[in-house]
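Okay, here's what each chain looks like letter by letter:
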Amino acid sequence: MFRCGIAYPRCRWVLPLLLLFAIIFLIIAIAAGSGWVEDEDAKSHYANMWKQCRGRNDNWDCKSLMENSWAQAVAALMILGLIFLIIAFIISCLALCCSLNFSLLPVVGALLFIAVILQFIALIIYPVKFNELIYEGQYYYTWAYGFGWGATVLMIGCGILFCCLPRYEDEVTGLAKTKYIYSSA
C-alpha cells in the first residue's frame, strides 16, 4: 500500500533551512571575488559588484565601481536585502523552531517580499548600467550573479509559504488528520 501526503510539520524545520540557504547564496553573490560578469573572448575583463579588472594572467588593472552612483545603489540594495533576509530568518526560527507563534509568519513573509523587491531592483540595475558603462564585446553573467538570482527565487517561494502557512496551523502542529493526495488501495 502506497500513500502520498503532505507532511506539514516538516515546514517547521524546512522553511528556516531554506532561508539559511538563501542567506548563504546571497553572501556568495555579494562577496564573490571572481566576478558577476566576464568577457567572452580572452577572459581579459571581469567585474563583480565592487570592482572591474582588465588584464591577463597576473597583470590586472582593477578600478573600483563604487565611484559610480549606480554601483553604490546596487551594493546598498543587495546589502539591505541581506539584512532583511537575516532578520526574517531570525524571526522564522523564533516563530517555528523555538515555539509555534503563527502571528509572526506574515511578518516574515512581508520582510521577505521587501528583500525580494530590493534585490530584484539591484539585479536589474547592474546589467543595464554595466552594459552602458562597457559597450565593447560580449559579456557573460557568471555563477556569482546567478547566486543572487537564486537567493531571490528562494525568497519569493518562502515568502509565499510564510504568508499561506498560518491557514494551516492545525496541520503544522499535528492536530489535524493527515489528508493523503494519493492512496493505492
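Residues numbered from 1 in each chain as written. Predicted model: local features only at pLDDT ≥ 70, side-chain atom pairs only at ≥ 80, totals over all residues. Heavy atoms only, no water.

Undergrad: Account for the packing of helix H3 (residues 105-133) against helix H4 (residues 143-164), naming residues and giving values.
TA: Relative to each other, H3 and H4 sit at 155 degrees, their axes nearing to 8 Å. Judged by the inter-axis angle, H3 sits roughly antiparallel to H4. The way H3 lies across H4 gives a crossing that is left-handed. (Axes fitted to C-alpha atoms, helices over the stretch in contact; angles between N-to-C directions. Helix = DSSP H or I, 4+ residues; strand = E, 2+ residues; numbered from the N terminus. Parallel < 35°, antiparallel > 145°, perpendicular 65-115°, else oblique. Left-handed = near helix turned anticlockwise from the far one by under 90°.)

Undergrad: Mind laying out the sheet that holds strand E3 (residues 45-47), listing which residues take part and the relevant values?
TA: Within the open sheet, the five strands sit side by side as E5-E4-E3-E2-E6. Their pairing is antiparallel. In the strand order of this sheet, the two ends are held by strand E5 (59-64) and strand E6 (139-141), each with one partner. Ignoring strand direction, the axes of neighbouring strands in this sheet form an average angle of 20 degrees. Here strand E2 (residues 37-39) pairs with E3 via two bridges, running antiparallel. Within E3, the residue paired with Val37 across the bridge is Ala47. This element, H3, spans E2, E3, strand E4 (51-56) and E6 of the sheet and lies at about 160 degrees to E6. (Pairing = 2+ DSSP bridges. Contact = heavy atoms within 4.5 Å.)

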